[in-house]
Structure formats: structure tokens, C-alpha cells
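# Structural features, examined
These are the residues of each chain, in order.
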Amino acid sequence: MANRPEIIMDAIDARVRAVLDGTLVWDNHSCMPLRPGDERFLPQLERYRRAGTRVVGLNVGFDAVPWAESFRMLAAFRSWLRRHPRQYRLVATVADLTRADRRLGVFFDLEGGSALDGQLSLVELYRDLGVRWMSIAYNRNNLLGGGCQDRDRGLTKFGRAVVTEMERVGMTTCCSHTGFRTTMDVMRHATKPVIFSHSNPLALWKHKRNIRDEAIRACAQTGGVVGINGIGMFLGANDNSSATVARHIDYVVQQVGIDHVGIGLDYVFDMQELDDYVKAHPAVFPPEEGYAAGLRIVAPEQMPEIAAELLRLGYRVADLRKVLGGNLLRVAKATWPRRLGADN
């Protein structure tokens, strides 16, 4: 008797549920409103937990906003999370990632080194406050190096010092939003795994924000991970389908193997804030590059669908566990602090 489509779907759905229940599912990047006094959207973090995600990275700032605002956001997010200890836990060390409870683990990230305001010692302070990865630049050049939508002159002397300091204190170096020349300089300078927290392959969709195969291979050679994002304009023609996310994941796997790909959906909870900001800052988000209102983004609820799509592509359960979080856990073990207050 031929297999009916609904029977096949039921089998895949059952496998997905089993995989998610037994896996550290990790979304490496998400974006709440950067308004310290506005907590209206924070309860929506529960959407990750309901969808099976166990760890999420929460952005606290990027180069296009005043650097000091990152500290206000860290204070606001940390305060709210501590007021909801039954649902959430602040993640500081690798041990916090693997605790056997059903709470959502939350750590913080920074998009671009302008958050340092040229002060190297702030790296360690951000580490102490829960920032676990920082990218070099955000679209435009800064004191560390070049952005992906600017005239990239490479990693600066200060940028090299920042990468070395991040490795010392226990913060992962990220090259999402960073220019190609600077990215390759980082890969050569780094002694620990480097990540693209939320970047997609240029070979599948042509956009300056996406990354070349050479960068993907260089990242893998450091032991790092490419986190596929869910932004429609970087996946395709404003395409936020789970099948397209799986296709981007599979492309990276075909290039560098199963150990070097993860997920960083870059989900934006307040789309009106994003639309307003894109419109007000054309230098950072050039309209000619496709930035406009109405952007589609892969939602947290699509994580099980992404897993199902990978199963349909023939991925084994063990490989799926790596993509969903195991690879990022390996990077964390290599780059995060081993205990609180300790340098690597």
C-alpha cells in the first residue's frame, strides 16, 4: 500500500517533537524593542519556549544607536528576567545552557563594536553583564573595521585588540554585518572559533548583507558556526518560508559540513519600530538595497517546521541536533567563560 501524505507528515511531526524534546534548541539572535522603559513585548519571549527553543540570544544594541543605550537595555532586560525566574534564567556560563529545567535561557548580544566607544576595557564589563557575542561592525565602518555596506578597509589595530580581548574574557567574536575584507582579517587573527551569528550564503541570494563562500569556509576553519537568519530579503524575494531556511542551512552543510551551521533567526518583535528606523536611517539601511517596510521574518514558531524540512531533506536526528543547538554549544564551550568572574 502506498504511503499517504498525511501518514508521512504524522511520522515526521512525531520525530520532530521527539527531537525538540531531547535537544538544546538555540536561536542565536532576536530583537526586542530597544526602549528601556517599555516591557510590553517581553512576555512574548514565551513564544520561544512554547515552540521548543531552550536558549535565545537577545540583542541589547547595535552601531546605529548611541553606545551608552546598550547599558540601559542590559539593565532593563536583566531586571525583567530576574522578576520572572519561573519562566526564564539569565545565561552566563556553559553550565547555565545545559541545566535540566524547562525555563528559557537568555543571554545578550551586541551588533557592532561601536558599543565600546573606543574603550577596550568595556569588553570585560559587557561580558560581566551577560553579553556573550559581539560583532565587529554593523553595515557601516567603525573603529574596529569595515561594515558590509561600506568601503571596507579591513580590521584596524583597535579591532585586533578587541578580538584578542574578547577571546581573553570569554566573548565570542561575530562577523555578521561585517565587510568581507575585515571578516577575513578577523578569521586570520582569531585563535578561537568565530561565528556569523545570523548570516546567509551569498551564493543562494545576492545581497551585500549575505556572505561569500570564502568567508563560510574561513569561519569553519576556525571551528566556528554560520547561523542562518530568517530575514526575508536575505533568504530570497522577501521569502520567510521554513523550506527556504532549510535550503540555506543545507547549502552551508554542503560547503563545510554539518558541524558548522546553526540558527539565528533575527526575529523582530516590534515591526513598527523596525519600519520607522529603516525609513529614518537610509545610510544604514539603503532603500536601493531593498530595505523597506513590509519585511517578512521567520517567526519563533517556525523552528519545528525548519526541523521538519531538514528531516525531509534526509538529515539524521544526530545531525539535526547539531544544527538546532549542538554546534553553538560546542563554540560556547570553546569561547565562553568557564565560571563567573574568570578569564578564559
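Reading guide: rules and limits
- Residues numbered from 1 in each chain as written.
- Predicted model: local features only at pLDDT ≥ 70, side-chain atom pairs only at ≥ 80, totals over all residues.
- Heavy atoms only, no water.
- Helix = DSSP H or I, 4+ residues; strand = E, 2+ residues; numbered from the N terminus.
- Expected span 1.5 Å × (residues − 1).
- Contact = heavy atoms within 4.5 Å.
- pLDDT = per-residue confidence, 0-100.
- Salt bridge = Lys/Arg side-chain N within 4 Å of Asp/Glu carboxyl O.
- Buried < 20%, exposed > 50% of the residue type's maximum accessible area, 1.4 Å probe, protein only.
- Phe/Tyr/Trp six-rings, centres within 6.5 Å; stacked < 30°, edge-to-face > 60°.
- Lys NZ or Arg CZ within 6 Å of the ring centre and 35° of its normal.

## Some remarks on helix α3 (residues 69-82)
For α3, with 14 residues, the first-to-last C-alpha span of 20 Å sits near the 20 Å given by 1.5 Å per residue. Residues of α3 that are buried sit in contact with β2 (55-62), β3 (88-90), β4 (104-111), α5 (122-128) and β5 (131-135).

## A word on the confidence of the model for the protein
Confidence in the prediction of the protein, expressed as mean pLDDT, is 93, and 95% of residues score 70 or more. In the model, residues 1-8 has pLDDT below 50 throughout and makes 1 contact with residues more than four positions away in sequence or in other chains.

## Details of the pattern of salt bridges
Going through the model one piece at a time under the given rule, you end up with 21 salt bridges. Ionic pairing is found between R103 and D101, a salt bridge with its closest N-O pair at 3.2 Å. By relative accessible area, which is 26% here, D101 ends up partly exposed. Of the charged contacts, one joins D259 and K322 as a salt bridge, the two residues approaching to 2.8 Å between their closest N and O atoms. You can see D259 sitting in the loop between α10 (242-256) and β9 (261-263) and its partner K322 sitting in helix α13 (residues 317-335), a full 63 residues away along the chain.

## Let's talk about the packing of aromatic side chains
Counted under the stated rule, the structure contains 15 aromatic pairs. A centroid spacing of 4.6 Å and a plane angle of 15° characterise the contact between F71 and Y126, whose relative ring orientation is stacked. A residue pair is termed long-range when its members are at least 10 positions apart, and F71 in helix α3 and Y126 in helix α5 qualify at 55 residues. Since its relative accessible area comes to 23%, F71 is described here as partly exposed. You can call Y126 buried: its relative accessible area is 1%. Considering the side-chain rings of F77 and F108, the 6.4 Å spacing of their centres and the 15° angle between planes classify their relative orientation as stacked. Of this pair, F77 sits in helix α3 while F108 sits in strand β4, and the two are 31 residues apart along the sequence. Just as F77 is buried, F108 falls in that class too. Of note, R209 hangs over the ring of F234, and the distance from its end group to the ring centre comes to 5.3 Å. Lying over the aromatic face of F180, R212 brings its terminal NZ or CZ to 3.8 Å of the ring centre.

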